Amino acid sequence: MTHSPRGRQAGDLVLHVYMLLFFAYMFLPLIAMMLAGVNDYSPPSITVWKGFTLRWFSALWQDARMWSGLANSLMIAGAVVALSLPMGLAGALLLSKLGRRSAGLLYIIMVSPLLTPGLIIGIATVTLWSQLGVSGGVLTAILAQSAFISAYAMLMFMARLQRQDITLEEAALDLGATPARAFRRITLPFLRPTMISAAVIAFLQSFENYNTTIFSIGGDHTLVTEIGARMRFGISPMINAIGIIFVALTVICAVLWGVLRQRGIARQA
């Protein structure tokens, strides 16, 4: 079946219009945010322009509460990665060893935190630990976030383990290797790419989390919860300055990842 040139042109036009609308939907808000962050006008605006300025970055630099929130966010995210990866890997190994019928119910239970609203997880964590004499703070935020972020890691490990050639591990056991040695020398190297990806995703999920954190952190604060608290009193251009910094860091990390990936491909070739 052949298509007429006019039909192909119409299809290309629709595709181009869709792509234009898609990228405009994605990037126009970011562009507006960055322009408002360097506009010498408050509240943030791109329709009222008073001139280019960097004073919002200076104000951010002098804001001690924002910096303490950033330190808490980094500490919580690092701890969540350290907890979520071992728990997710343990769950994935357990489910991969069980039969399909036995693993069905256990799988539903272990992924249920992903389906639970974040505020419920946060409140439940604080309620439990308060009965044990632990008040809400950084520790309870770490525990609450790990409860559902570990499920993300588990799903990633399960997807990777389904592609593993199990005969390699069985051959190592037949040759006299202990289960721990076979796991360390065969399974772990096979899972290394997924471990890196899961660590990055867990870090980002923790760093940007608001719903669970706001209900579990008590009197402490993170960068995200501090921004959310200030948004109730109106948007400050300083928040836009934070957005510009994170966009710049994202672009830099993406470029570095692309360069390292190309070098890795060239080295393998």
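Q: Got a minute to help me understand the packing of helix H3 (residues 64-97) against helix H8 (residues 179-207) in this structure?
A: Angle between the axes and distance between the axes are the two parameters that describe a pair of packed helices. The contact between H3 and H8 brings their axes to 9 Å, and the two run at 140 degrees. Classified by the interaxial angle, the pair formed by H3 and H8 is oblique. You can see that H3 and H8 cross each other, and the crossing is right-handed. Along the contact surface, H3 presents Leu 70, Ser 73, Leu 74, Ile 76, Ala 77, Gly 78, Val 80, Val 81, Leu 85, Leu 89 and Leu 93, while H8 presents Phe 183, Leu 188, Leu 191, Met 195, Ala 198, Ala 199, Ala 202, Phe 203, Ser 206 and Phe 207. Looking at the contact of H3 with H8 residue by residue, the classes come out as 18 nonpolar, three polar and no charged.

Q: Which parts of the structure should I look at to understand the packing of aromatic side chains?
A: When we look at a pair of aromatic rings, we describe it by the centre distance and by the angle of the planes. If you walk through the whole model with that rule in mind, you get seven aromatic pairs. Consider the rings of Phe 22 and Phe 23, whose centres lie 5.5 Å apart with planes at 75 degrees: the pair is edge-to-face. With a relative accessible area of 35%, Phe 22 lands in the partly exposed category. Taken together through their ring pairs, the aromatic side chains of Tyr 18, Phe 22, Phe 23 and Phe 27 make up a single cluster.

Q: Please explain the nonpolar core as it appears in this structure.
A: Inside soluble globular proteins, nonpolar side chains tend to come together where they are buried. Core analysis: the biggest nonpolar cluster contains 25 residues, and Ile 76, Ala 92, Met 154 and Phe 157 have the highest contact counts within it. Elements that contribute at least two residues to this core include exactly H3, helix H4 (100-115), helix H6 (138-161) and H8. With 11 residues, the top contributor of residues to this core is H6. If near-sequence neighbours (up to four positions away) are discounted, Ile 76 is found in contact with Val 138, Ala 141, Ile 142, Gln 145, Ser 206, Ile 217 and Thr 222. Residues Phe 207, Leu 223, Met 238 and Ile 239 belong to the second largest nonpolar core, which totals eight residues.

Q: Can you help me understand the environment of Ala 90 in this one?
A: Its location among the elements puts Ala 90 in helix H3. Given the relative accessible area of 45%, Ala 90 is considered partly exposed. Sequence separation of Ala 90 and Asn 240 is 150 residues, and the distance between their C-alpha atoms is 40 Å.

Q: Is there a simple way to think about the side chain of Arg 160 in this case?
A: Here Arg 160 lies in helix H6. In terms of polar contacts, Arg 160 uses its side chain to reach the backbone carbonyl oxygen of Phe 190, at 2.8 Å.

Q: So what exactly am I meant to see when it comes to the pattern of salt bridges here?
A: Pairing of side chains with opposite charge becomes possible as their charged atoms draw close. Taken as a whole and judged by the stated rule, the model has four salt bridges. A salt bridge links Asp 40 to Arg 55; the nearest nitrogen and oxygen atoms lie 2.5 Å apart. Within this pair, whereas Asp 40 is found in the loop between helix H1 (5-37) and helix H2 (55-61), its partner Arg 55 is found in helix H2, the two being separated by 15 residues in sequence. By relative accessible area, which is 42% here, Arg 55 ends up partly exposed. The salt bridge involving Arg 230 is made with Glu 226; its shortest N-O contact spans 2.8 Å. Here the residue Arg 230 and the residue Glu 226 both occupy positions in helix H10 (residues 223-231), the gap between them amounting to four residues, near one helical turn. Several salt bridges share partner residues, and in doing so they unite Asp 63, Arg 65, Glu 226 and Arg 230 into one network.

Conventions and cut-offs
Each chain has its residues counted from 1, following the order in which its sequence is written. Reporting in this predicted model follows two pLDDT cut-offs: at least 70 for local features of residues, and 80 or more for side-chain atom pairs to be given and counted; totals over whole chains, interfaces and linings ignore these cut-offs and use all residues. Values shown for side chains rest on all heavy atoms present in the structure; no hydrogens or waters enter the calculation. Helix axes are fitted only over the stretch in contact, all axes being lines through C-alpha atoms; the angle between N-to-C directions runs from 0 to 180 degrees. Numbering of helices and strands runs from the N terminus, with a helix taken as a DSSP run of H or I at least four residues long and a strand as a DSSP run of E at least two residues long. The scheme is simple: roughly parallel for angles under 35 degrees, roughly antiparallel for over 145, roughly perpendicular for 65 to 115, oblique for anything else. Crossings are classed by handedness, with left-handed meaning an anticlockwise turn of the near helix from the far one by less than a right angle and right-handed meaning a clockwise turn. Every residue pair with non-hydrogen atoms within 4.5 Å of one another is taken to be in contact. Charged means Asp, Glu, Lys or Arg here, nonpolar means Ala, Val, Leu, Ile, Met, Phe, Trp, Tyr, Cys or Pro, and polar covers whatever is left, Gly included. Each Phe, Tyr or Trp ring (for Trp, its six-membered ring) is paired with any other whose centre lies within 6.5 Å, and the angle between the two planes then decides the class: stacked below 30 degrees, edge-to-face above 60, tilted in between. Only protein chains enter the accessibility calculation, which uses a 1.4 Å probe; a residue whose area is less than 20% of its type maximum is buried, one above 50% is exposed, and one in between is partly exposed. Think of a nonpolar core as a cluster: buried Ala, Val, Leu, Ile, Met, Phe, Trp, Tyr and Cys residues, connected wherever their side-chain atoms sit within 4.5 Å. Counted as a polar contact is a pair of N or O atoms within 3.5 Å, where, for protein atoms, one must be capable of donating a hydrogen and the other of accepting one, and residues adjacent in sequence contribute only when both atoms are in side chains. The salt bridge definition used is simple: a Lys or Arg side-chain nitrogen within 4 Å of an Asp or Glu carboxyl oxygen.

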